[in-house]
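Here's the letter readout for the chains.
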Amino acid sequence: MRPRRIARRFVARIRHWGTPHVHCPSCGGDTPVPPADVPLTCFVCHVRWLRLDLSGDDAADWARVRAAGSGQWAAVWRPLLVDCPRPDGGKRTETMDCAFVYLLGD
């Protein structure tokens with residue numbers, strides 16, 4: 001990894017330590033939980049992506065993912081949400097009921 005990317009990843013890790021966050025599958029950098037249907041850019045690797053909430057109908061959800069990803073894209077189905085607070089005071093990892101669509105080659 002290049003020094004700037006290492007520094008950005010370190011900053012992202014410190015910024016989101018202990019709060020609910022997701023990991024970018026492109027670089028593994030910590031990212032806050034994104035709002036639905038809003039395109040974002042990863043702070044570490046600069047990949048553009050967006051979150052699509054799932055309706056429960058797999059065929060309709062896949063059609064929506066394909067429509068959102070024009071050109072080259074990759075999707076993560078039900079990604080992990082890291083550092084969710086537990087009732088006993090600890091932290092846990094949960095799956096989110098959404099899909100992340102990464103827009104590649106833009």
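Note that this is a predicted model, so its numbers are computed, not measured.

Describing the confidence of the model for the protein chain
At step 1: Averaged over every residue, the pLDDT of the protein chain is 85; residues scoring 70 or more account for 98%.
At step 2: The element-level mean pLDDT for the protein chain is lowest in helix 1 (residues 3-15), coming to 79, with helix 2 (residues 58-68) highest at 92.

Side note on the sheet that holds strand 4 (residues 48-53)
At step 1: Strand order in the open sheet made by the 4 strands is 3-4-8-5, with antiparallel pairing throughout. Each edge of the open sheet carries a strand with a single partner, namely strand 3 (40-41) and strand 5 (72-77).
At step 2: Judged from the 6 bridges that link them, strand 4 and strand 8 (residues 98-104) form a sheet pairing that is antiparallel. Bridge pairing in strand 8 places leucine 52 opposite alanine 99.
At step 3: On top of the sheet, helix 2 reaches strand 4, strand 5 and strand 8; it is set at about 145° to strand 5, its chief contact.

Observations concerning the side chain of aspartate 61
At step 1: For aspartate 61, the location among the structural elements is in helix 2.
At step 2: Put simply, aspartate 61 is tucked away with no salt bridge, and the nearest opposite charge, on arginine 64, sits 5.4 Å away.
At step 3: A distance of 3.3 Å separates the side chain of aspartate 61 from the backbone nitrogen of glycine 56, its partner in a polar contact.
At step 4: Beyond its immediate chain neighbours, meaning those up to four positions away, aspartate 61 contacts Leu54, Ser55, Gly56 and Trp77.

Description of the nonpolar core
At step 1: With 15 residues, the main nonpolar core has Cys42 and Phe100 as its most contacted residues.
At step 2: The set of elements that each furnish at least two residues to this core consists of strand 6 (80-85) and strand 8.
At step 3: Counting residues per element, this core draws most heavily on strand 8, which supplies 3 residues.
At step 4: Residues in contact with cysteine 42, not counting those within four places in the same chain, are Cys24, Cys27, Val47 and Trp49.
At step 5: With 7 residues, the next largest nonpolar core counts Leu52, Val65, Ala99 and Val101 among its residues.

Definitions and cut-offs
Residues numbered from 1 in each chain as written. Predicted model: local features only at pLDDT ≥ 70, side-chain atom pairs only at ≥ 80, totals over all residues. Heavy atoms only, no water. pLDDT = per-residue confidence, 0-100. Helix = DSSP H or I, 4+ residues; strand = E, 2+ residues; numbered from the N terminus. Pairing = 2+ DSSP bridges. Contact = heavy atoms within 4.5 Å. Axes fitted to C-alpha atoms, helices over the stretch in contact; angles between N-to-C directions. Buried < 20%, exposed > 50% of the residue type's maximum accessible area, 1.4 Å probe, protein only. Lys, Arg positive; Asp, Glu negative; His and termini not counted. Salt bridge = Lys/Arg side-chain N within 4 Å of Asp/Glu carboxyl O. Polar contact = N/O pair within 3.5 Å; in protein donor to acceptor, adjacent residues only side chain to side chain. Core = buried A, V, L, I, M, F, W, Y, C linked by side-chain atoms within 4.5 Å.

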